Amino acid sequence: MKKTNFAQLNMFVKIAETGNLSNAARDLGLTPSSVSKGLAQLEDVFGTALVNRTTRSVTLTEAGKLVYEKASHLLNEADNIIESVRQFSDPTVGTLKLTCSLALGCSWLQPIIAAYQKKILT
């Protein structure tokens, strides 16, 4: 059984939303030919045409409308999952205690700590 992936579904959703392979390619940072090939592969996976093509635009077939509806929902849910899980990747917080000589602390650690604080506070 042939399989699809999120990148292919995302590409199809972009094609459906822009109504044009070239615009979808530009938005995705791909070439129009790679988007066209990706669409052909996706249609092969589903075993049916998902769009009606003209030289300037594409319109969704009935199957394409169904795939667009389901894929849009699936991709939105995937984004929601990612955002939900990101809360667990917050940086460690707390007090850091260092013991060293005053000379080492002033000359070596202080600039590093200042740069780190500037980075996390901006």
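Residues numbered from 1 in each chain as written. Predicted model: local features only at pLDDT ≥ 70, side-chain atom pairs only at ≥ 80, totals over all residues. Heavy atoms only, no water.

### Comments concerning the packing of helix 2 (residues 21-28) against helix 3 (residues 32-46)
For any two helices packed against each other, the geometry comes down to the angle between their axes and how far apart the axes lie. Remark: helix 2 packs on helix 3, axes separated minimally by 8 Å, with the N-to-C direction vectors making an angle of 105°. One element, helix 2, and the other, helix 3, form an angle in the roughly perpendicular class. Across the interface between the two elements, Leu21, Ser22 and Ala25 of helix 2 pack against Pro32, Val35, Ser36 and Leu39 of helix 3. Of the residues in the contact of helix 2 with helix 3, the class split is five nonpolar, two polar and no charged. (Axes fitted to C-alpha atoms, helices over the stretch in contact; angles between N-to-C directions. Helix = DSSP H or I, 4+ residues; strand = E, 2+ residues; numbered from the N terminus. Parallel < 35°, antiparallel > 145°, perpendicular 65-115°, else oblique. Contact = heavy atoms within 4.5 Å. Nonpolar A, V, L, I, M, F, W, Y, C, P; charged D, E, K, R; others polar.)

### Structural notes on the environment of Val13
Examined against the element boundaries, Val13 turns out to sit in helix 1 (residues 6-18). When its relative accessible area of 6% is taken as the criterion, Val13 is described as buried. The contacts of Val13, once residues within four sequence positions are left out, are Tyr68, Ala71, Ser72 and Leu75. (Buried < 20%, exposed > 50% of the residue type's maximum accessible area, 1.4 Å probe, protein only.)

### What about helix 2?
Residues of helix 2 that are buried include every one of Leu21, Ala24 and Ala25, and no others. Relative to the axis of helix 2, the buried residues are bounded by an arc of 100° and lie together on one face. Buried residues in helix 2 make contact with helix 1, helix 3, strand 1 (51-53) and strand 2 (58-60). Taking the backbone nitrogen of Ser22 as reference, a side-chain oxygen 2.7 Å away marks Asn20 as the first, capping residue of helix 2. Phi turns positive one or two residues past the end of helix 2, at Gly29, with a value near 75°. (Arc of directions from axis to C-beta. Polar contact = N/O pair within 3.5 Å; in protein donor to acceptor, adjacent residues only side chain to side chain.)

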